Amino acid sequence: EAFNSIQLPMTGAELNIFLFGTYSLAIILIILLSTLLANQISSPIEKLTKATKSVGSGDLDIQLKSYDKGEIKELIDGFNKMVRELKRNQLELAEVERESAWKEMAKQVAHEIKNPLTPMKLAVQHLISAYKDKSNKFDEIFNKVTSTVITQIENLTNIASEFSTFAKMPTIKLVEVELISIIHETVDLFIEEN
């Protein structure tokens, strides 16, 4: 009977409204807290996603602000480290490509220089041979050889000038030539060959 004599300050309907209000408030607080927590988790992930797209389009200077602790910190620290490594690798690759280009250019220049040297040597050897043999065509051979050697020396001078001035091979200069006379000059260079 003592239990039945306790009077509640609210009626049953008021109690139901109070409980409904309390539960509603609790649910609203839970929703707000979960939204806030979700934003705290999704915000760094959105930043990471945008940063990843930037890296994908070539921006290797991007670094994200690190968080204090947790998996997000590890994820962002890992991302920042990866971007630094990519940038370092890109710089190393660019250096290797530059070095490779210079080596290729040096090979090309060496090849361009060697091309006229062999015929010049053969032409001078032919001239020496004609001189020693007291050839009656010596004057004609002398004129052909000296003309050819001077032309080849001019070619070598042009190659050296172009390389030192622009660090590149000479540009192609299209000119009209007398093909028959060039063929004769070329044949003259190898006159001693079979």
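Residues numbered from 1 in each chain as written. Predicted model: local features only at pLDDT ≥ 70, side-chain atom pairs only at ≥ 80, totals over all residues. Heavy atoms only, no water.

A. Representation of the overall build of the protein chain within the structure. For the protein chain, the count of helices and strands is four helices and zero strands. Walking the protein chain from its N terminus toward its C terminus, one meets helices and strands in the order α-α-α-α. Counting the 194 residues in the protein chain, one finds 15% classified as buried. Taking contacts inside the protein chain between residues at least 6 apart in sequence as the whole, the part at least 24 apart equals 54%. Only carbon and sulfur atoms are counted for the fraction: they give 62% of the accessible area of the protein chain, which is about 15,800 Å². (Helix = DSSP H or I, 4+ residues; strand = E, 2+ residues; numbered from the N terminus. Buried < 20%, exposed > 50% of the residue type's maximum accessible area, 1.4 Å probe, protein only. Contact = heavy atoms within 4.5 Å. Areas by Shrake-Rupley, 256 points an atom, 1.4 Å probe, with all protein chains shown as cover.)

B. Main features of the nonpolar core. L48, A51, V55, L60, I62, L64, I72, I76, F79 and V83 form the largest nonpolar core, which has 10 residues in total. Contributing elements (two or more residues each) for this core: α1 (12-56) and α2 (70-132). In terms of residues, this core owes the most to one element, α2, which gives four residues. In this structure V55 touches L60, I62, F79, V83 and L86, once residues within four positions along its chain are discounted. Counting eight residues, the second-largest nonpolar core is a separate cluster that includes L127, I141, V145 and L156. (Core = buried A, V, L, I, M, F, W, Y, C linked by side-chain atoms within 4.5 Å.)

C. Looking closely at unusual backbone geometry. Not every positive phi belongs to a glycine, and K134 is a case in point at roughly 50 degrees. Mapped onto the fold, K134 is located in the loop between α2 and α3 (138-166).

D. Spatial organisation of the confidence of the model for the protein chain. Overall, the predicted model of the protein chain reaches an average pLDDT of 82, with 89% of residues at or above 70. Mean pLDDT values for the elements of the protein chain range from 80 in helix α4 (residues 179-189) up to 86 in α2. (pLDDT = per-residue confidence, 0-100.)

E. Representation of the pattern of salt bridges within the structure. Counted according to the given criterion, the structure contains eight salt bridges. In this structure, D77 engages K73 in a salt bridge whose closest nitrogen and oxygen atoms are separated by 2.7 Å. Placement of both D77 and K73 in helix α2 is noted, with a separation of four residues, approximately one turn of the helix. A relative accessible area of 26% means that K73 is categorised as partly exposed. Between E99 and K103 there is a salt bridge, with its nearest N and O atoms 3.4 Å apart. One end of the pair, E99, and the other, K103, are both in helix α2, four residues apart, so they sit about a helical turn from each other. When salt bridges that share partners are traced, they join E85, R88 and E92 into one network. (Salt bridge = Lys/Arg side-chain N within 4 Å of Asp/Glu carboxyl O.)

F. Inspection of the environment of G58 at higher detail. Mapping G58 onto the fold places it in the loop between α1 and α2. What makes G58 partly exposed here is its relative accessible area of 48%. When the C-alpha atoms of G58 and K87 are compared, they prove to be 9.7 Å apart, with 29 residues separating the residues in sequence.

G. Looking closely at α1. In this model, α1 (45 residues) spans 64 Å end to end at C-alpha, consistent with the 66 Å of a helix rising 1.5 Å per residue. On the buried face of α1, the contacting elements are α2. Trailing α1 by a residue or two, G58 shows a phi angle of about 105 degrees, which is positive. (Expected span 1.5 Å × (residues − 1).)

H. Spotlight on the packing of aromatic side chains. Using the criterion set out here, one finds two aromatic pairs in the structure. Ring geometry for Y131 and F138: centres 5.7 Å apart, planes at 55 degrees, overall tilted. Take Y131: its relative accessible area is 52%, and that puts it in the exposed class. Arranged with centres 6.0 Å apart and planes meeting at 35 degrees, the rings of F138 and F142 form a pair that is tilted. One end of the pair, F138, and the other, F142, are both in helix α3, four residues apart, so they sit about a helical turn from each other. Positioned above the aromatic ring of Y131, the side-chain terminus of K134 is 5.2 Å from the ring centre. (Phe/Tyr/Trp six-rings, centres within 6.5 Å; stacked < 30°, edge-to-face > 60°. Lys NZ or Arg CZ within 6 Å of the ring centre and 35° of its normal.)

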